[in-house]
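Listed below, chain by chain, are the residues.
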Amino acid sequence: MRKDFGPKPFMYPMPVLIIAAYDENGIPNAMNAAWGSICDMNQVALYLSAGHKTVKNILAKGAFTVSMADADNVVEADYVGVVSGNNVPEKLEKTGWHTVKSGLVDAPVIEELPLTLECRLVSFDEETECVTGEIVNVSADERILDEKGSIDLTKFSPIIYDPANHDYIRLGEKVGNAFEDGKKLV
């Protein structure tokens, strides 16, 4: 037996993405967004309303960063999603987050968020509200790396958004090996 929910945006997992960009005066702003994904080997697609201050900044500067929120930053990540940069221009100060300018794009990197995609704006479609960005670099804080220099999810502890229950969930344990376990059925 299955239960029908009708048309809902229920897709799992939905990463909690923190999108950051500078305004015309160089002031960093960030917003929380769940509707985004990788759309090519070096591109990201985000579905963001044009009314967001961060979107206005992205269009003005042609660059942005996408960081994944982690369990240590749930309160701050939620805050930048419930408060608008249109109303609180320097909302990042309230989070206690610190930013540094990316060395590759004109956008801020939030130091407390351990994994960041540094992106150049490719396009913004006003009708679909899709922001597409070229990933020019991925930077990771050494604190989330294993001894081989790879990202260790247990050290990173990224969170996802549960759209059905409006919860943030920490990603769990490893359950298999990609591109390997399926070979058992070959």
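Thresholds, definitions, all that
Residues numbered from 1 in each chain as written. Predicted model: local features only at pLDDT ≥ 70, side-chain atom pairs only at ≥ 80, totals over all residues. Heavy atoms only, no water. Phe/Tyr/Trp six-rings, centres within 6.5 Å; stacked < 30°, edge-to-face > 60°. Buried < 20%, exposed > 50% of the residue type's maximum accessible area, 1.4 Å probe, protein only. Pairing = 2+ DSSP bridges. Helix = DSSP H or I, 4+ residues; strand = E, 2+ residues; numbered from the N terminus. Axes fitted to C-alpha atoms, helices over the stretch in contact; angles between N-to-C directions. Contact = heavy atoms within 4.5 Å.

What about the packing of aromatic side chains?
Here's step 1: Going through the model one piece at a time under the given rule, you end up with 2 aromatic pairs.
Here's step 2: Relative to Phe10, the ring of Phe5 lies with its centre 5.6 Å away and its plane at 65°, an arrangement referred to as edge-to-face.
Here's step 3: Considering the side-chain rings of Tyr161 and Tyr168, the 6.3 Å spacing of their centres and the 55° angle between planes classify their relative orientation as tilted.
Here's step 4: Residue Tyr168 is classed as partly exposed on the basis of its relative accessible area, which comes to 27%.

A look at the sheet that holds strand S9 (residues 115-125)
Here's step 1: Pairing within the open sheet is antiparallel, and its 7 strands lie in the order S3-S2-S6-S9-S10-S5-S4. Each of the sheet's edge strands pairs with one partner strand only, and the pair in question is strand S3 (28-33) and strand S4 (36-40). Averaged over all neighbouring strand pairs, the angle between strand axes comes to 35°, with direction disregarded.
Here's step 2: Pairing of strand S5 (residues 43-47) with strand S10 (residues 130-140) involves 5 bridges; the strand directions are antiparallel. Looking at the pairing, Leu46 lines up with Val131 of S10.
Here's step 3: This element, helix H2 (residues 74-82), spans strand S2 (17-22) and S3 of the sheet and lies at about 95° to S3.

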